[in-house]
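Below are the chains, spelled out letter by letter.
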Amino acid sequence: MPEQIKIIECPRDAMQGIRDFIPTKNKVQYIQSLLRVGFDTIDFGSFVSPKAIPQMVDSAEVLSQLDLSKTTSKLLAIVANERGAEDASQYKEIDYLGYPFSISENFQMRNTHKTIAQSVVILEHILNIASKTNKKVVVYISMGFGNPYGDPWNVDIVGQWTEQLSTMGVNIVSLSDTIGSSNAENIHYLFSNLIPLYPNIEFGAHLHTVASSWFEKVDAAYKSGCKRFDGAIQGFGGCPMAKDELTGNMPTEKLLSYFTSKQSNPLNALSFESAYNEASKIFKFYH
């Protein structure tokens, strides 16, 4: 029996940096196609300030129009503060609240206008809200593989923050390669050290990449014990708060190729092809 690999599709991450507003009906049509593929989770939208991410202003409206009756995929929404967590938690259809927690002080300020210390307090409140509303929290360690700002970074710092998250009750942590700074060596070192130390935490890889290095990154994470991978079809998107020249998301079709070779591909190939074609329609038009 092949081991279970979780693939999380991130249309929210693919769309959020696009300047022209994508009509709600187009988002619904695209996400609906993703719901048929068999992804473990779909990161479909965010409940954040419209000033910060105007593309996601209609996340609640998108959610209201999705048909979830025939999907096994769970839904994740990104939140940046208590208000966002309260808003997202009103919807029974949402399973996960995703919280971007940066170990780079500079990036935390750019991303949420909060210090790391303030972000810890906010996370405590989000965990409390999630507990009351039967949601799970996924914490993304942003700049998990380094940062361009000169802020301190090494594997011990990542480990210290993982320890703190664990004591707070977080049990899903996704190491995020926000600017594509990871390489096979530090991916392997982080996952191979952290995964055995924290058996209560499900570790994920949210890797950004250029076309030439996707394989080595996925291979290093998988061989180090990671079973949870974020992707975006055709590698669209990236982090609009990081820098102007975006490194793309991990292309989901590359994940599909890799895990097919390992006989661990959980996705429906025909439905994926349909969703891939929908992505081409939307993103090539708006890019």
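Chemist: When you look at the overall build of the protein chain in this model, what are you seeing that I'm missing?
Modeler: If you tally the helices and strands in the protein chain, you get 11 helices and nine strands. Taking 2.2 N^0.38 as the reference for a compact globule, 287 residues should give roughly 19 Å; the C-alpha atoms of the protein chain span a radius of gyration of 17 Å, in line with that estimate. C-alpha extents for the protein chain along the principal axes are approximately 45 × 45 × 35 Å. For the protein chain, the proportion of its 287 residues judged to be buried stands at 57%. Across the protein chain, every contact between residues at least 6 apart in sequence was considered, and the portion connecting residues at least 24 apart equals 76%. Surface summary for the protein chain: the accessible area is close to 12700 Å², and the carbon and sulfur share equals 50%. Taking the average place of the 25 positive charges on the side chains of the protein chain and the average place of its 30 negative ones, the gap between the two points comes to 5 Å.

Chemist: Can you walk me through empty space enclosed by the protein in this structure?
Modeler: One pass over the structure, following the stated rule, counts one cavity of 30 Å³ or more. If you add up the space inside the largest cavity, you get close to 40 Å³. Taken together, Met15, Lys27, Ile31, Phe44, Gly45, Gln55, Met56, Asp58, Ser59 and Val62 form the lining of the largest cavity. Mapped by element, the contributors of at least two residues to the lining of the largest cavity are helix H2 (24-34), strand S2 (41-47) and helix H3 (59-65). The residue makeup of the lining of the largest cavity, split by class, is five nonpolar, three polar and two charged.

Each value, and the rule that gives it
- Residues numbered from 1 in each chain as written.
- Predicted model: local features only at pLDDT ≥ 70, side-chain atom pairs only at ≥ 80, totals over all residues.
- Heavy atoms only, no water.
- Helix = DSSP H or I, 4+ residues; strand = E, 2+ residues; numbered from the N terminus.
- Rg over C-alpha atoms; globule rule 2.2 N^0.38 Å.
- Buried < 20%, exposed > 50% of the residue type's maximum accessible area, 1.4 Å probe, protein only.
- Contact = heavy atoms within 4.5 Å.
- Areas by Shrake-Rupley, 256 points an atom, 1.4 Å probe, with all protein chains shown as cover.
- Lys, Arg positive; Asp, Glu negative; His and termini not counted.
- Charge placed at Lys NZ, Arg CZ, Asp CG, Glu CD.
- 1 Å grid on protein atoms, 1.4 Å probe; cavity = no way out; pocket = protein on both sides within 12 Å on 5 of 7 lines; lining within 4 Å.
- Points joined across faces, edges and corners; volume = space filled by probe spheres on them.
- Nonpolar A, V, L, I, M, F, W, Y, C, P; charged D, E, K, R; others polar.

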